[in-house]
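Residues per chain, in single letters:
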Amino acid sequence: MESWVRAVVEAIHSSGAQAVIYLAGGASQALGWLLSMPGASGTVLEVVVPYSRASMAQLLGKMPLQFTSKQAADDMALAAFNRALKLSGPGLQVMGVGFTGSLASSRPKQGDHRFYVSTRTQNCLRTSHVTLSKGLRCREDEDRVSSYFLLKAIADACRISATIQSDIPEPEIPKESFEQFDEDQELQHVIDGQVCMKVYHFSDSMEKNIDKKIILPGSFNPLHDGHLKLLEVALSICNDGLPCFEISAINADKPPLSIEEIKRRVEQFRKVGKNVIISNQPYFYKKAELFPGSAFVIGADTAARLVNPKYYGDDYNRMLGILLECKNTGTTFLVGGRNIKGVFKVLEDLDIPGELRAMFISIPEEKFRLDISSTEIRKNQGL
């Protein structure tokens, strides 16, 4: 490993950034450089090499019109970014990296030897395109050059200054594009389903167990002391994990929240220094896919709906199958007592199927009971 490459890799691993990398057709040496240095496990969340057409189509959910293209690299970076959001720790910079190349092979190619590398973060998309001088290098050397550019792209996304210290002919100077997103655009990407979530990390504390989230979903219109107390009690029961509130911008039976409304609700969490996630998944089985291994904090009324076949087309087996899939991802539900039709009920009052009981954990009434709701607060305020 060249000294300048080593220095860049060390800087990347020290940056605190985390990445998922999808690449096909080159830049394989960059993976060796990144993974061979101490700190790799803190930076590289996952690497996928979708070399076959079927693998690429499955990864992107579509067949690219052209495999070695800016669009393909951008799509790979976006898919990698969404994956990184699901795997990353709290408060860390997250990126998705996409690389696709057409380099020298065992058979001569009629087209250019070229590659595209894209990096996607929450607020920007960077893409570089390089056309190599055909016949100048063997495949191994073209792979090395493409690895230089992949490494530099990751460094640039980490805001690390990196200069490729190798002779690159002028015709091989990359063509670059850069697209910046403001907060409104970031939220619109979530609403449109392009990006799976936006995380607002307002808490100053860094919890020990960053792999597990304790999530209290809701509309929080408004956020009140009961919400804060409920998540605090849930955290004490779980002993460890990252406490988060979660708002779905998409509602199962109502129009999506407007950007202005989302920002208004997010501001409540900024004022009290609590983490909040904006997602686009209103259903718990989809939330379980988005936050695998998490504990969701819910009321007894929500728990009752979760196990009611009525909400699964009156199909008991479908309900059971969906919730067992959630169970297999490590999902659990912490259930607090709620007034249901004028009667205060706790988990023990509900008929939970035996196969699912281990998923549900009771929050004792003596630890938490608050009968006020956001709906009542809005009504009392004349809203």
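Below, the structure is looked at part by part. (Residues numbered from 1 in each chain as written. Predicted model: local features only at pLDDT ≥ 70, side-chain atom pairs only at ≥ 80, totals over all residues. Heavy atoms only, no water.)

### Remarks on the overall build of the chain
Scanning the chain from terminus to terminus reveals 13 helices and 15 strands. Seen along its three principal axes, the alpha-carbon backbone of the chain occupies a region of about 80 × 45 × 40 Å. Relative to its full complement of 383 residues, the chain shows a buried share of 50%. In the chain, 44 side chains carry a positive charge and 45 a negative one; their mean positions are 2 Å apart. (Helix = DSSP H or I, 4+ residues; strand = E, 2+ residues; numbered from the N terminus. Buried < 20%, exposed > 50% of the residue type's maximum accessible area, 1.4 Å probe, protein only. Lys, Arg positive; Asp, Glu negative; His and termini not counted. Charge placed at Lys NZ, Arg CZ, Asp CG, Glu CD.)

### Overview of the packing of aromatic side chains
Following the criterion strictly, the structure yields 13 aromatic pairs and no others. The interplanar angle of 90° and the centroid separation of 5.3 Å between the aromatic rings of Phe-220 and Phe-245 together place this pair among those described as edge-to-face. In this pair, Phe-220 sits in the loop between strand E8 (213-217) and helix H8 (225-238) while Phe-245 sits in strand E9 (residues 242-248), placing the two residues 25 residues apart along the sequence. Through successive ring pairs, a cluster of aromatic residues spans Phe-284, Phe-296, Phe-333 and Phe-360. A cation over a ring is seen here: Lys-198 above Tyr-200, with NZ or CZ 4.8 Å from the ring centre. Arg-369 extends its terminal NZ or CZ atom over the ring of Phe-344, reaching a point 3.8 Å from the ring centre. (Phe/Tyr/Trp six-rings, centres within 6.5 Å; stacked < 30°, edge-to-face > 60°. Lys NZ or Arg CZ within 6 Å of the ring centre and 35° of its normal.)

### With respect to the pattern of salt bridges
All chains considered together, the criterion is met by 15 salt bridges. In this structure, the salt-bridge partner of Lys-263 is Asp-184, at a minimum N-O distance of 2.8 Å. Of this pair, Lys-263 sits in helix H9 (residues 259-272) while Asp-184 sits in helix H7 (residues 183-192); the two residues are 79 residues apart in sequence, bridging distant segments of the chain. For Lys-263, a relative accessible area of 32% puts it in the partly exposed group. Of the charged contacts, one joins Asp-301 and Arg-338 as a salt bridge, the two residues approaching to 3.9 Å between their closest N and O atoms. Linking Asp-301 in helix H11 (residues 300-306) with Arg-338 in strand E13 (residues 338-340), this pair joins segments that are 37 residues apart in sequence. Ionic contacts of the salt-bridge type, sharing partners, join the residues Glu-261, Arg-264 and Arg-265 into one network. (Salt bridge = Lys/Arg side-chain N within 4 Å of Asp/Glu carboxyl O.)

### Structural notes on the nonpolar core
Judged by nonpolar contacts, the single largest core of 71 residues is most densely connected at Ile-278, Phe-333, Leu-356 and Phe-360. In this view, Ile-278 contacts Leu-187, Val-190, Cys-196, Met-197, Lys-198, Tyr-200, Ile-247, Ala-249, Ile-262 and Val-266; residues no more than four positions away in its chain are not counted. (Core = buried A, V, L, I, M, F, W, Y, C linked by side-chain atoms within 4.5 Å. Contact = heavy atoms within 4.5 Å.)

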